Amino acid sequence: MAARKAPLAPTPTTAELPTLQRFYNLRNAAIRLDLTDPDNPEDTTGQRWLRDGFNRPEDGSKGRKFPGRYMGRNLVFSESDLAVIAEIALEETALKQRAKDTPPVSTGRPRRLRRTAKTPALAGS
């Protein structure tokens, strides 16, 4: 029996090819979001916020989880991830501001009214 060749794989067109995005490590992502000073190498402002947002629980109890991924043991964010993170931060800020503006709801029972001084106190004779 003669050997048969496998059919040629379809070649993807330029519209089907995935495009590479630019990825930023934790420090560069914080700089890109303007959370830290790029001139000060010891400034770590915003890096913990990004890491904590990425590590939020899946159930949403602590807020929406930040998109991101690990590459080579480093947490990295793509440009589209940073856009979503900025959107999440704006939503959370608006929610906090709305909560701050609305008065708290009373959940307890109303206080008892004080009795007037009609009944004398017990006197020890």
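Throughout this description, residue numbers start from 1 for each chain and increase along the sequence as written. Totals for whole chains, interfaces and linings use every residue, but because this is a predicted model, local features are given only for residues with pLDDT of at least 70 and side-chain atom pairs only at 80 or more, for both listing and counting. Remark: hydrogens and water are excluded; side-chain values derive from all non-hydrogen atoms of the structure.

As for the packing of aromatic side chains
Two aromatic rings from Phe, Tyr or Trp, using only the six-membered ring of Trp, form a pair when their centres are within 6.5 Å; if the ring planes differ by under 30 degrees the pair is stacked, by over 60 it is edge-to-face, and anything between is tilted. By the definition in use, this model includes two aromatic pairs. Between Trp-49 and Phe-66 the ring centres are 5.0 Å apart and the planes differ by 65°, which places this aromatic pair in the edge-to-face class. A residue pair is termed long-range when its members are at least 10 positions apart, and Trp-49 in helix 2 (residues 47-54) and Phe-66 in the loop between helix 2 and strand 2 (69-71) qualify at 17 residues. Under the scheme applied here, a residue whose accessible area is under 20% of the maximum for its type counts as buried, over 50% as exposed, and between as partly exposed, the area being computed with a 1.4 Å probe on protein chains only. We classify Phe-66 as buried; its relative accessible area is 2%. Aromatic pair Phe-54 and Tyr-70: ring centres 5.6 Å apart, planes at 80°, arrangement edge-to-face. Here the residue Phe-54 occupies a position in helix 2, and Tyr-70 occupies one in strand 2, the gap between them amounting to 16 residues. It is Lys-65 that lies over the ring of Phe-54; its NZ or CZ is 5.5 Å from the centre. Comment: elements are numbered from the N terminus, with helices defined as DSSP H or I runs of at least four residues and strands as E runs of at least two. Only when the NZ atom of a Lys or the CZ atom of an Arg is both within 6 Å of the ring centre and within 35 degrees of the ring normal do we say a charge sits over the ring.

Focus on the environment of Val-84
Checked against the element boundaries, Val-84 lands in helix 3 (residues 79-101). Measuring from C-alpha to C-alpha, the distance between Val-84 and Pro-67 comes to 7.5 Å, with 17 residues separating the pair along the chain. Here, two residues are considered to be in contact whenever any of their heavy atoms come within 4.5 Å of each other. Leaving out residues up to four positions away in the same chain, Val-84 has contacts with Arg-64 and Pro-67.

Some remarks on the pattern of salt bridges
Opposite charge on two side chains makes pairing possible when the charged atoms of those side chains draw close. Any Lys or Arg side-chain nitrogen located within 4 Å of an Asp or Glu carboxyl oxygen qualifies as a salt bridge. Considering all chains together, one arrives at six salt bridges under this definition. The partner of Arg-56 in a salt bridge is Glu-92, with the nearest N and O atoms 2.7 Å apart. Of the two residues, Arg-56 sits in the loop between helix 2 and strand 2 while Glu-92 sits in helix 3, which places them 36 residues apart along the sequence. Overall, Arg-56 belongs to the buried group, its relative accessible area being 13%. With its nearest N and O atoms 3.0 Å apart, the salt bridge here joins Glu-58 to Lys-65. For Glu-58, a relative accessible area of 67% puts it in the exposed group.

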